[in-house]
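In case you want the letters, here they are:
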Amino acid sequence: MNKQKWLAGLTAVLCSAGALSCFPAISGTVSAAELVSNDFEVNYGGWYGSADAVALTAEDGIGHNTSRGMSVTGRTSTSDGASAEKGFYLSGGETYTYSVWVYSETAERFHLSLSCADLDTAQETETELTAKQTRAGKWTELSASYRAPENSGEFRMTITTDSTNDFVFDDVTVTGKSDSSEVSAAAEEKGLKDEFADYFRVGNILNGSTVKNSTITASVLKDYNSIECENETKPDATLVQSQCSETNIGVSLNNAASIMDFCVNNNIAMRGHTLVWHSQTPLWFFKENFNASGNWVSSAVMDQRMESYIKNMFAAIKTQYPDLNLYAYDVANECISDDSNRTANNGGTREPGENISGQSPWVQVYGSNAFVEKAFTYARKYAPESCALYYNDYNEYWDHKRDAIYSMCKSLYEKGLLDGIGMQSHINADYDGFSGVSAYTTAMKKFLSIGCDLQITELDITMENGKYTLQQQADKYKAIFQAAMDWNKNPSSDGRVTAVCIWGPNDANTWIKTENTPLLYDTNHQPKLAYTTLTSMIPQSEWGDGSNPGGNDKPIEPNEYGWYFQSTFEGDTDSWEGRGSADVLTSGRTAYVGSEALLVQ
Ligand code: GLA
């Protein structure tokens, strides 16, 4: 097996929560294992609609054996259906048995197919695993064994029918053979997340393609305990135009499903990014009738749209991935202008306009940056309590921009709306100068003086096509990690630098040109000097446990009795929900404390 495939097998076994219980305790034995097991009782398992308008909704009672099952609606073509990337769990050259239970109110011909890519040429092939005629109203199992070619990966399962009718599916399993000794080998790998576990989370990004790359996902498991979607949770990836009405904005997590599933299965926290941004947000979102060539809407209409979008995004994440540790979210991104004239005279706003050359449709509609406070107000209303709300920007070390960000965020923090500031940190390797270490740490400390948290959210340090050396790059990475550590060591800091996140897994996967080589791993995913310099900052004997990092998520404070959770359910179910077909409600029938209790029926 080549290295990439070995890693795929190993990470596959590690992450499949359902699979672990199937392994015998004796390490080294080979046995049949469920590598994929999606019953949709809690999370959506990375399944998504294969077109924007296709909605997947897990509903109680509609599943196989009346459990929770997944309905597929909104299909407009026979190729529309439900898909899930399973490459993380499977490898080429192995025989697996694929199974799924399907149901429809109508008689249907169902298809279960698998696509996979050649790992050298990236050429994708789709194979129909099985097709079956089903009777109306009758659950049927689609099942087949299949061995994909030796050098293949990036497996995607898809379920469709010959019609465009709605259908339901449930209990997806992929069973194969696995060596349980690989599990402990993977679990023992230590990396950046462990080194800095007692200081802050260390993060990176995944996108729809890197999440399918087993070399990258294996290195994420080793190094990072925070993941952000590079593009998949931005407004242009989540807004669904065909499902928008004035009072309800359609959203979809189709693009983010694989990444959220990866995080849930591997106990990796997620930074959400981003709700309100002038860029990567379709123009129609700001226009009458959701028509890109229409007139701009009023700020009152935009208030409604923004509130609904924010509400629906948090609701979708909670519904589909309740186990996701969504610990931070960039509520607003890049709202302060680079132009010192505008920071001085226009309250920091960008120029209004259609996002040509950095103009902002938000400013166009509101006439000012008033939408920022509104965005935070809505986010506070709908975000889970454990999710810290961030303002995120770049060039924050530029004095006039820094000061405008400081004033805006201080006011939001004092109103209880903002929890932290994100410093993107797309910088060069010059130790001094514009984005030099001194200017950078001055800005960092100024933001921390507000009293809020701070995260370095998108760190990449360009070598500008050879202008700077690997040593200079390593020194600058080190200085930034050091500044974050120093702050957290400061007795008055309360550990308020809560994450340092890198923007890209390797130099082959960076938003700036590859020749600028800004990241910790090179184009062949080999660690660079910057990486080894970082991993030498703390002696290994002092590394912590990054899968369970200490001191950087908001601690839950016990109440006056020293209890971390207490509810006597007085007129409030306190977020308890029925599971399966059970209902929960408050009842005065029998109360242990107070006058009501939670009745489960
Ligand atoms: C900004 C955004 C990111 C990303 C980068 C480029 O920093 O916040 O989401 O688009 O630009 O990758």
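The structure displayed is predicted, hence computed values, not measured ones.

Cut-offs used in this document
Residues numbered from 1 in each chain as written. Predicted model: local features only at pLDDT ≥ 70, side-chain atom pairs only at ≥ 80, totals over all residues. Heavy atoms only, no water. Domains from an automatic or database assignment. Contact = heavy atoms within 4.5 Å. Buried area = accessible area lost by both parts, 1.4 Å probe. Salt bridge = Lys/Arg side-chain N within 4 Å of Asp/Glu carboxyl O. Nonpolar A, V, L, I, M, F, W, Y, C, P; charged D, E, K, R; others polar. Near = heavy atom within 4 Å. Polar contact = N/O pair within 3.5 Å; in protein donor to acceptor, adjacent residues only side chain to side chain. Axes fitted to C-alpha atoms, helices over the stretch in contact; angles between N-to-C directions. Helix = DSSP H or I, 4+ residues; strand = E, 2+ residues; numbered from the N terminus. Left-handed = near helix turned anticlockwise from the far one by under 90°. Expected span 1.5 Å × (residues − 1). Buried < 20%, exposed > 50% of the residue type's maximum accessible area, 1.4 Å probe, protein only. 1 Å grid on protein atoms, 1.4 Å probe; cavity = no way out; pocket = protein on both sides within 12 Å on 5 of 7 lines; lining within 4 Å. Points joined across faces, edges and corners; volume = space filled by probe spheres on them. Core = buried A, V, L, I, M, F, W, Y, C linked by side-chain atoms within 4.5 Å. Pairing = 2+ DSSP bridges. Right-handed = clockwise from strand over helix to strand, strands pointing away.

### A few points about the domain arrangement of the protein chain
It is common to give the size of an interface as the accessible area that goes away when the parts come together.
Thinking step 1. We note that the domain assignment places domain 1 (33-177), domain 2 (234-402 + 415-423) and domain 3 (567-601) within the protein chain.
Thinking step 2. Domain 1 and domain 2 are separated by 33 Å when their C-alpha centres are compared.
Thinking step 3. Between domain 1 and domain 2, the residue contacts involve 17 residues of the former and 16 residues of the latter.
Thinking step 4. Both sides of the domain 1 and domain 2 interface together cover about 1300 Å² of buried area, and 45% of this is carbon and sulfur.
Thinking step 5. Our enumeration of links across domain 1 and domain 2 arrives at zero salt bridges.
Thinking step 6. Taken together, the residues of the side of domain 1 that touches domain 2 break down into nine nonpolar, four polar and four charged.

### Structural notes on the site of the ligand
Thinking step 1. Taken together, Glu230, Lys234, His273, Trp277, Gln280, Asn333, Glu334, Gln424, His426, Glu458, Trp503 and Trp511 form the complete shell of residues around the ligand.
Thinking step 2. Contacts to the ligand include His273, whose side-chain N or O atom sits 2.5 Å from an oxygen atom.
Thinking step 3. Side-chain polar atom of Gln424 to an oxygen atom of the ligand: 2.8 Å apart, as the coordinates give it.
Thinking step 4. Along the lines of polarity and charge, the residues of the shell around the ligand split into three nonpolar, five polar and four charged.

### Some points on the packing of helix α8 (residues 299-320) against helix α11 (residues 370-382)
Thinking step 1. Two numbers describe how α8 lies on α11: the axes approach to 9 Å, and their chain directions differ by 35°. Between α8 and α11 lies a crossing whose hand is right-handed. Taking contact as the criterion, the partners of Asp303, Met306, Glu307, Ile310, Lys311 and Phe314 in α8 are, on α11, Phe371, Lys374, Ala375, Tyr378, Ala379, Lys381 and Tyr382.
Thinking step 2. Looking at side-chain class alone, the contact of α8 with α11 contains eight nonpolar, no polar and five charged residues.

### Focus: unusual backbone geometry
Thinking step 1. Of note, the bond from His273 into Thr274 is cis; its omega dihedral lies within 30 degrees of zero at -5°.
Thinking step 2. Its place among the elements puts Thr274 in strand β14 (residues 269-277).
Thinking step 3. Its identity is not glycine, yet Phe290 carries a phi of approximately 55°, on the positive side.
Thinking step 4. With respect to the secondary-structure elements, Phe290 resides in the loop between β14 and α8.
Thinking step 5. Even without being a glycine, Ser357 presents a positive backbone phi close to 55°.

### Let's talk about helix α12 (residues 399-414)
Thinking step 1. Its 16 residues give α12 an end-to-end C-alpha distance of 22 Å, which sits within 8% of 22 Å, the value for a rise of 1.5 Å per residue.
Thinking step 2. Those residues of α12 not exposed but buried are His400, Lys401, Arg402, Ala404, Ile405, Tyr406, Met408, Cys409 and Leu412.
Thinking step 3. Lining the buried residues of α12 we find α9 (340-345), α11, β16 (388-393), β17 (420-423) and α13 (437-448).

### A look at the pattern of salt bridges
Thinking step 1. Evaluated as defined, the whole model comprises 19 salt bridges.
Thinking step 2. The salt bridge partner of Arg156 is Glu85, with a shortest N-O separation of 3.9 Å. Here the residue Arg156 occupies a position in strand β10 (residues 152-161), and Glu85 occupies one in strand β5 (residues 82-85), the gap between them amounting to 71 residues.
Thinking step 3. The buried category is assigned to Arg156, whose relative accessible area is 19%.
Thinking step 4. A residue is classified by how much of its surface remains accessible, and Glu85, at 14% relative accessible area, is buried.

### Observations regarding empty space enclosed by the protein
Thinking step 1. Counting across every chain of the model gives two cavities of 30 Å³ or more.
Thinking step 2. The computed volume of the largest cavity comes to approximately 100 Å³.
Thinking step 3. Lining the largest cavity are Glu85, Lys86, Gly87, Phe88, Tyr89, Val211, Lys212, Ser258, Asp261 and Phe262.
Thinking step 4. The element contributing the most residues to the lining of the largest cavity is helix α7 (residues 257-265), with three residues.
Thinking step 5. A class-by-class count of the residues in the lining of the largest cavity yields four nonpolar, two polar and four charged.
Thinking step 6. Of the residues that make up the lining of the largest cavity, three or more belong to each of domain 1 (33-177) and domain 2 (234-402 + 415-423).
Thinking step 7. The volume enclosed by the second largest cavity comes to roughly 30 Å³.

### A few points about the environment of Thr161
Thinking step 1. The topology assignment puts Thr161 in strand β10.
Thinking step 2. Owing to a relative accessible area of 2%, Thr161 belongs among the buried residues under this scheme.
Thinking step 3. Taking C-alpha positions, Thr161 is 9.4 Å from Lys132, a pair spaced 29 residues apart along the chain.
Thinking step 4. Dropping the residues within four chain positions of it, Thr161 is found in contact with Arg75, Thr78, Glu108, Arg109, Phe110, His111 and Phe167.
Thinking step 5. In this structure the side chain of Thr161 is engaged in a polar contact, spanning 2.9 Å, whose partner is the side chain of Arg75.

### Concerning the nonpolar core
Thinking step 1. With 143 residues, the main nonpolar core has Phe169 and Phe481 as its most contacted residues.
Thinking step 2. A domain split of this core shows at least three residues from each of domain 1 (33-177) and domain 2 (234-402 + 415-423).
Thinking step 3. In contact with Phe169, other than residues within four places in its own chain, are Phe40, Trp47, Leu56, Gly69, Met70, Val72, Ala82, Val100, Trp101, Val102, Trp139 and Ile159.
Thinking step 4. Residues Ala269, Ala388, Tyr390 and Cys501 belong to the second largest nonpolar core, which totals seven residues.

### So, the pairing of β17
Thinking step 1. Of the two faces of β17, the one holding Gly420 and Gly422 and the one holding Ile421 and Met423 are both buried throughout.
Thinking step 2. Across four bridges, β16 lies against β17 in parallel orientation. Directly across from Asn392, in β17, lies its bridge partner Gly422.
Thinking step 3. For the segment spanning β16, α12 and β17, crossover handedness is right-handed.
Thinking step 4. By the bridge criterion, four bridges tie β17 to strand β19 (residues 453-462) in an arrangement that is parallel. Directly across from Gly420, in β19, lies its bridge partner Asp453.

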